[in-house]
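Here's the letter readout for the chains.
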Amino acid sequence: MKRHVRLLRTVVVGGASLAMALSLAACGGSGGSTGGGSDEIHVLVYGDATNKVEKQLVETFNKTSKVKAVLDTIPGADYQSKLQTIISGKQAPDVFFNWGGGSIKPYVDAGLLMPLDDFIAKNPKLKSDFLPSVFNTAVVDGKPYGIPMRGTQPVLLFSNKKVLADAGVAAPRTWDELLAAVKALKAKGVTPIALGGGDKWPTQMWFQYVYDRVAGPGLFRKAVNGDKGVWASADSRKALGMLKELIDAGGFGTNYDSVKFTDGGSPALLATGKAAFELMGSWEYSTLQDAYPDFVKNDLGYGTFPTVEGGKGDPNNLAGNTNNFYSVLKSTKHPEAVAEFLKLMYSDEFVKGQLGLGNLPTTTNTPEFLGGSANPAYSTYQYDLVKKAPAFQLSWDQAYPPAATTTIYQAVQQFFNGQTGPDAFVAAMQSLPAA
């Protein structure tokens, strides 16, 4: 999930979750939209290292607004489940972080979200100042329900350049080169690929890209629209066979299900040289910058997912999260204040702050600030990738409704572990509801 800067130490995950509960309780169990303070709006975000910019924007907003913004956070590992628990109750926020697509459709269908047509009619910049392909990810049934925030988050193949050099391995451009790299790295006693299998969603990333490279974006697009037959296609089974080959070659070691990204485990393996690669969203940069700045400065490498010979997917296709979004609860008592707050999402302050963390905003003014990012080369590289990508596939667990997440994760994990084979995986994916 997830998209998202997710680095949190274990003790912080538990503590932050408790802190969130206490914070909401301190508001009289009233949150923001259904009974909070008369002069407050509550903004709920995914708790991680990127909150620095969100805190900064709240402070900026509160300097001039009579209605004050209060920033609440939920740790990454708990965000989706906690949001579903509070969104229709007294603790519901006024504004909340999400991934667009299937992640908000159930809330739209339940009548909980405010269409943003009126906001945009009064301030067209809430739409026109964002890249159209990104903005449209949060359009549901023809109406906009989200304003982009944070940045675009393509999934990239990160590497430890020193480990690769010591093993005589170059960053793989093709699937065959990746398999050869796995063999060479294993001979050096290094786990080839760090994987936070305990979180499940990092494992899913491998499926997303292999399916795209083998079948192109059309297979998943059909699947999420309700064509269940594509999961049993020859391309689907070919993708599963390739994944099995990489797993059986020892690409991920044997302990990946005891490792998590959300507690910093898999990034640590990469940064400390115990692993050579990690397939992760672009938030990996800010995660590593926060915890291992020297590694980022000296040895962090990054590139696109390998190509597959004879595959139908364009090598420039991306998978990941087109962006994160702020959506608004229909029950908010302060729509005017919320509209003013959302204006900050295309401000120069927002763009500079996100670039400073290594994130890549999707505002139309982003290019003029790329030189001032935490790593101009990294930001420019991402921007160019997104700009030229023929297709940008939304992460599977965000493209489908939240009700499908558990089934997707179980299917992915059990196939990876060898508990089930291709037939069981296909059957599980065919059981998913259409988005």
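1. Some remarks on the overall build of the protein chain
- Summing up its helical and strand segments, the protein chain has 21 helices and 13 strands in all.
- Computed over its C-alpha atoms, the radius of gyration of the protein chain comes to 21 Å, within 12% of the 22 Å expected for a compact globule of 435 residues.
- If you line up the protein chain on its principal axes, its C-alpha atoms span 65 × 45 × 40 Å.
- Put simply, the protein chain has 435 residues, and 57% of those count as buried.
- A sequence separation of at least 24 residues applies to 79% of the contacts in the protein chain between residues at least 6 apart.

2. Quick word on the sheet that holds strand β12 (residues 324-328)
- Pairing in this open sheet of five strands is mixed, and the strands run β2-β1-β3-β12-β6 from one edge to the other. What marks the edges here is a single partner per strand, and that holds for β2 (68-75) and β6 (147-149). The average angle at which neighbouring strand axes cross in this sheet is 30°, direction not considered.
- Direction of pairing for strand β1 (residues 40-47) relative to strand β3 (residues 95-98): parallel, over a ladder of two bridges.

3. Things to note about the side chain of D129
- Of note, D129 is situated in the loop between α6 (125-128) and α7 (132-135).
- Overall, D129 belongs to the buried group, its relative accessible area being 16%.

4. Let's talk about the packing of aromatic side chains
- Throughout the structure, instances matching the rule amount to 34 aromatic pairs.
- An angle of 90° between the planes, with centres 5.5 Å apart, marks the rings of F61 and F341 as edge-to-face. In this pair, F61 sits in helix α2 (residues 51-64) while F341 sits in helix α16 (residues 335-343), placing the two residues 280 residues apart along the sequence.
- Residue F341 is classed as buried on the basis of its relative accessible area, which comes to 1%.

5. Overview of helix α20 (residues 405-417)
- Compared with the 18 Å implied by 1.5 Å per residue over 13 residues, the 18 Å span of α20 between its first and last C-alpha is a close match.
- Here α20 has its buried residues at T405, I408, Y409, A411, V412, F415 and F416. Down the axis of α20, the buried side of the element spans an arc of 165°, and every buried residue falls inside it.
- Contacts made by the buried residues of α20 are with α10 (201-215), α12 (234-248), α19 (396-399) and α21 (422-430).
- Looking one or two residues beyond α20, the residue adopting positive phi is G418, at roughly 80°.

6. Considerations on the packing of α20 against α21
- Put simply, α20 and α21 touch, their axes get as near as 9 Å, and they point 175° apart. Judged on the interaxial angle alone, α21 and α20 are roughly antiparallel. Contact residues: α20 offers T407, I408, A411, V412 and F415, while α21 offers P422, F425, A428 and M429.
- By residue class, the composition of the contact of α20 with α21 is eight nonpolar, one polar and no charged.

7. Looking at helix α3 (residues 79-86)
- Every buried residue of α3 is listed here: Y79, Q80, L83 and I86. In a view along the axis of α3, the buried residues occupy a sector of 140°, so they form one face of it.

8. Section: the side chain of S65
- Within the secondary structure, S65 is located in the loop between α2 and β2.
- In this structure the side chain of S65 is engaged in a polar contact, spanning 2.5 Å, whose partner is the backbone oxygen of V67.

9. Quick word on unusual backbone geometry
- With a phi angle near 50°, D141 is a residue other than glycine that sits in the positive phi range.
- Residue placement: D141 occurs in the loop between β4 (139-140) and β5 (143-144).
- Take D141: its relative accessible area is 62%, and that puts it in the exposed class.
- The phi torsion at R150 lies on the positive side, around 60°, for a residue other than glycine.
- Within the secondary structure, R150 sits in the loop between β6 and β7 (153-160).
- R150 sits in the buried class, given a relative accessible area of 2%.

Rules used in this analysis
Residues numbered from 1 in each chain as written. Predicted model: local features only at pLDDT ≥ 70, side-chain atom pairs only at ≥ 80, totals over all residues. Heavy atoms only, no water. Helix = DSSP H or I, 4+ residues; strand = E, 2+ residues; numbered from the N terminus. Rg over C-alpha atoms; globule rule 2.2 N^0.38 Å. Buried < 20%, exposed > 50% of the residue type's maximum accessible area, 1.4 Å probe, protein only. Contact = heavy atoms within 4.5 Å. Pairing = 2+ DSSP bridges. Axes fitted to C-alpha atoms, helices over the stretch in contact; angles between N-to-C directions. Phe/Tyr/Trp six-rings, centres within 6.5 Å; stacked < 30°, edge-to-face > 60°. Expected span 1.5 Å × (residues − 1). Arc of directions from axis to C-beta. Parallel < 35°, antiparallel > 145°, perpendicular 65-115°, else oblique. Nonpolar A, V, L, I, M, F, W, Y, C, P; charged D, E, K, R; others polar. Polar contact = N/O pair within 3.5 Å; in protein donor to acceptor, adjacent residues only side chain to side chain.

Any functional reading would require information that these geometric values do not contain.
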